[in-house]
Amino acid sequence: MNRYPVWKYAIIVIALLLGVVYTLPNFFGEAPAVQVSSGKATIKVDTGTLQKVEDALKAAGVSPQSVALEGGSIRARFDSTDNQLKAKDAVQKALIPDAADPHFVVALNLVSRSPEWLGALHAAPMYLGLDLRGGVHFMLQVDMQAALTQRVESLTGDLRSLLREKDIRHGGISRNGQTVEIRLRDAQQLEATKRVLSAQFPDLQTQDAADGAEFRLTVSNKPEAARKVQEQALKQNITTLHNRINELGVAEPVIQQQGLDRIVVQLPGVQDTAKAKDILGRTATLEVRMVDESTEARAAEQGGIVPFGAERYLEREGRPLIVKKQVVLTGDNLTDAQPGFDNQTQEPVVNLTLDAKGARIFKDVTRENVGKRMAILLFEKGKGEVVTAPVIRSEIGGGRVQISGRMTTAEANDTALLLRAGSLAAPMEIIEERTIGPSLGAENIAKGFNSVTWGFLVIVAFMCLYYAMFGLVSGIALAVNLLFLVAILSMLQATLTLPGMAAMALALGMAIDSNVLINERVREELRNGASPQAAIHAGYDRAWATIFDSNITTLIAGVALLAFGSGPVRGFAVVHCIGILTSMFSAVFFSRGLVNLWYGSKKKLKSVSIGTVWRPEGSSVKAD
Amino acid sequence: MEFFKIKKDIPFMKNALVFNAISFVTFALAVFFLFSKGLHLSVEFTGGTLMEVSYSQPADLNKVRATVGTLGFSEVQVQNFGTARDVMIRLPAQKGVSSAQQSEKVLTALKADNADVTLRRTEFVGPQVGDELAHDGLKALAFVVIGIVIYLAVRFEWKFAVSAIIANLHDVIIILGFFAFFQWEFSLAVLAAVLAVLGYSVNESVVIFDRIRENFRRFRKMSTVEVIDNAITSTISRTIITHGCTQIMVLSMLLFGGETLHYFAMALTIGICFGIYSSVFVAAAIAMWLGIQREDLIKPLKKDNDPSDENAGAVV
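Within every chain, residues take consecutive numbers counted from 1 along the sequence as written. The naming scheme follows written order: chains are lettered A onward, ligands numbered 1 onward. Whole-chain, interface and lining totals are the exception, using all residues; otherwise, since this is a predicted model, local features are given only for residues with pLDDT of at least 70 and side-chain atom pairs are given and counted only at 80 or more.

1. Re unusual backbone geometry
All names here are of chain A.
Logical step 1: For Gln346, which is not a glycine, the phi torsion comes out positive at approximately 60°.
Logical step 2: Its place among the elements puts Gln346 in the loop between strand S16 (334–341) and strand S17 (348–354).
Logical step 3: Partly exposed residues are those whose C-beta has more than 12 but fewer than 20 other C-beta atoms within 10 Å; with 20 or more the residue is buried, with 12 or fewer it is exposed, and the C-beta atoms are placed from the backbone. For Gln346, a count of 8 C-beta atoms within 10 Å gives the class exposed.
Logical step 4: Unlike most non-glycine residues, Gln493 shows phi in positive territory, near 55°.
Logical step 5: The way it works is that DSSP assigns letters per residue, a run of H or I at least four long becomes a helix, a run of E at least two long becomes a strand, and they are numbered from the N terminus. Here Gln493 lies in the loop between helix H13 (438–492) and strand S22 (495–496).

2. As for the packing of helix H7 (residues 188–218) of chain B against helix H8 (residues 224–256) of chain B
Residues and elements named next belong to chain B.
Logical step 1: One way to put it is that H7 packs onto H8 with a least axis distance of 9 Å and a crossing angle of 135°. Between H7 and H8, the interaxial angle falls into the category oblique. When you trace H7 past H8, the crossing you get is right-handed. Between H7 and H8, the contacting residues are Glu204, Val207, Ile208, Arg211, Ile212, Asn215 and Phe216 on the first element and Val227, Ile228, Asn230, Ala231, Ile232, Ser234, Thr235 and Thr239 on the second.
Logical step 2: Of the residues that constitute the contact of H7 with H8, the class distribution is 8 nonpolar, 5 polar and 2 charged. The angle between two axes is taken between their N-to-C directions and runs from 0 to 180 degrees, where each axis is a line fitted to C-alpha atoms and a helix contributes only its stretch in contact. Each angle gets one of four labels, with under 35 degrees taken as roughly parallel, over 145 as roughly antiparallel, 65 to 115 as roughly perpendicular, and the rest as oblique. With the far helix as reference, a near helix turned anticlockwise by less than a right angle produces a left-handed crossing, and one turned clockwise produces a right-handed crossing. Contacts here follow a simple rule: the backbone-placed C-beta atoms of the two residues must lie within 7 Å. Each residue is assigned to one class: nonpolar for Ala, Val, Leu, Ile, Met, Phe, Trp, Tyr, Cys and Pro, charged for Asp, Glu, Lys and Arg, and polar for all the others, Gly among them.

3. Focus: the pairing of strand S3 (residues 73–77) of chain A
All names here are of chain A.
Logical step 1: Of all 5 residues in S3, 4 are buried, a share of seventy percent or more.
Logical step 2: As judged from the 5 bridges shared by strand S1 (residues 30–38) and S3, these two strands associate in the antiparallel manner. Its bridge partner lying in S3, Ala33 is registered against Arg77.
Logical step 3: As defined by bridge partners, strand S2 (residues 66–70) adjoins S3 across 5 bridges and the pair is classed as antiparallel. Along S3, the bridge assignment pairs Val67 with Ala76.
Logical step 4: DSSP bridges decide pairing: two strands pair if at least two such bridges lie between them. Following S2, the chain reverses through 2 residues before pairing antiparallel with S3; Gly71 in that reversal takes a positive phi of roughly 50°.

4. Describing the domain arrangement of chain A
Logical step 1: Along its sequence, chain A is carved into domain 1 (6–23 + 439–622), domain 2 (30–113), domain 3 (145–220) and domain 4 (283–429).
Logical step 2: Spacing between the C-alpha centres of domain 1 of chain A and domain 3 of chain A amounts to 69 Å. Marked domain ranges trace back to an automatic or database domain assignment.

5. Looking at the sheet that holds strand S9 (residues 204–211) of chain A
Residue and element names in this part refer to chain A.
Logical step 1: With antiparallel pairing, 4 strands are arranged side by side in an open sheet as S7-S8-S10-S9. Lying at the two open borders of the sheet, with one neighbouring strand each, are strand S7 (173–176) and S9. The sheet shows a mean angle of 25° between the axes of neighbouring strands, direction not considered.
Logical step 2: As paired strands, strand S8 (residues 179–184) and strand S10 (residues 214–221) are joined by 6 bridges and run antiparallel to one another.

6. Overview of the confidence of the model for chain A
Residue and element names in this part refer to chain A.
Logical step 1: The pLDDT averaged across chain A works out to 82; a share of 93% of its residues lies at or above 70.
Logical step 2: Confidence per residue, as judged by the predictor, is encoded in pLDDT with a range of 0 to 100. Of all secondary-structure elements in chain A, the lowest mean pLDDT belongs to strand S24 (residues 621–622), at 43, while helix H1 (residues 6–23) reaches the highest, 92.
Logical step 3: Taken together, the stretch residues 618–624 has pLDDT below 50 and engages in 14 contacts with residues farther than four places along the chain or on a different chain.

This is the structure:
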């Protein structure tokens, strides 16, 4: 009765094998490495870059253990941190000739030392959380109200110029919170306004009300449109943060959206929070100026003296351009920049949308400067760069500007991105910040590890003493539970944190409950005079219902933590839940397998080794 | 080895009233301290800045306090953290000031005073996050309570569900009472521990209820009180051993886990100790007061198979 069919043993063996394979990478430790990734959206890390890195390392006389191109970044592994630092300098020198304009991010990193065949199986070590490896964590709140208000503000201007263009007379346009109010004198004009609005702005909804002899038309963004504005604002902020963080040279930055209006930034290994905060909070500004096309300026482009009232900036290709100091427009007047295609020529273009004030200025400037070039400059950290310098073909009114000519689709995308990334779509505020020093991280690992190890050893020792052979089986089952837990966490590439390690310890402490239940049940059956085989059978069978029920209630608590917890609590909850599930497998299914293997084949089993089975009659019988 | 050599069923239920009185007094005390002293909430809930700095020599707290005091923060807490060389500084959230810069200001001041200070950890939490965390915590608690009640009601009976949850909420309140009385810091990790304990000690009640149900089936002649006494007596050895094992783990965290896990382990310890007590003495007693009886658990049997027969259901 205590025998498993072959397939059950097969399941156990396969599960164990998988467990071992996926747990293994955690034991190899990490090797110092240099990581090269792209610093700009336009630049791709490819085999050419790989070749350059290899050459640079050879020239510097540093021999890496391996150099590989993995998922858009190159990682070179070294045997010591000395070589790692030397290699970083060498690679930096070779790939980044101009430190002010880095095309690549060269960063120090740690790479798993596990052999390649494990990598081929996608077996990777657990990802360590910031509290274990050290680093900075920020949570930023995007001010969506400000993004919407900004949008409505520019809409107010747009409406004003639209009505003027269409010759509709109104009694005033004003912004009221997130809506725009238009006063109109009679029903005819109200109708006309509504018609124009629905034709030109499909994203708007209107509501009219009589106000004495006048009419008041309230215009607001449709909920979908408002949501779109928010989504775009968040996405743009994330893009901007990405670009800025690239400068920090962090190997594996995490920039994620959290909820509807929050962004989480995690920078492992970064200690200089001041610099990180500075970079995250920096504002870039965009300026539109006229290009100085006088002969002196032409000469200055070749290296002469820059004429009075002008400045020299570099274009993105590195060509100098002389630009007048007078600012025509700033980024504040630019509401959007999107890549697109020209209606007629199908050429890639960038479409700019200006607000009402910007449109008016732009119209005047373009009328006076047809045939001349204007430059769009991006200033970051007080350093300007010419994003694009198109020629003005004709007067441009209405605030919709198209930049075209000699652009590929990728270039159009980049230019649009740069124009948008110039500024954050909505202001952000740091609402949570955590810094963990590297030494503290290492200490936390040691603390978590010690807790788990000592607790585990004492429990196993006690179980072996108290339940003899069955205790040993329980101990092995507990070890297997730990193996599965680590394997699954590695497989899921879950982030391990200190609370996660606490959950691991707790999971083991709770998992032993199932085995205690079983062992106590078996003893009880023996006490009641059952034969050894029957006692094992009944013990496991009867304990199962209880184990299941009690694990479910614990799981309910785990799921609640997972659903409502955040940050450290979530790390705890993930391990807690997985631990409960693996414990059901190891404590019941696996330990039964071991017991069956040991006792199941013995037909005339006289006794089982489960420690003292005490009988109330007073005739204490040692069962083994 | 066998720790529990119990000859006869222990008449737990005879003393149920005494146990319930003890529970009630402890509970009332816990509630009293919760209201009179309140919880010492961590920065995660209150918002503010927490800094952990370390000196190479044992730190002079008064000097640190004076240095930080000159920066004009209203309520600054400075205390040792773990060792004499580590100092924890807690700054309250300030309206209007970008609190992210507080920690830098403090560190610069400390550095000016004593150059060998190193920053080990900072944590800044804005007030809006704190409010949210508190709400989420309450939501999680509600979810656990409702989830467990529904599960137990379906699996057993509503009387069991109600008594189990009352017994274990009483544990939770007592843990909170301890934290209020000793003014231990109540952090997110402690909250996680409290909820984990809630799930865990419901286990206890489940094990005993399971036994009660089984006993109702097996011993037709026994009265309800006898059935409960027998169920508790026959599971008590398992209860103590399991909790002992879990406690070993928790103790190991308390000893080796350092400051970060200290209160987490503390909450678990209290939870485990009171978990035994409440599920053994409180849950079963409440179920008894609620008038649990054989008919509640044993639905008219479809087929009368005697579970005490060892050969019954011997199919693997």
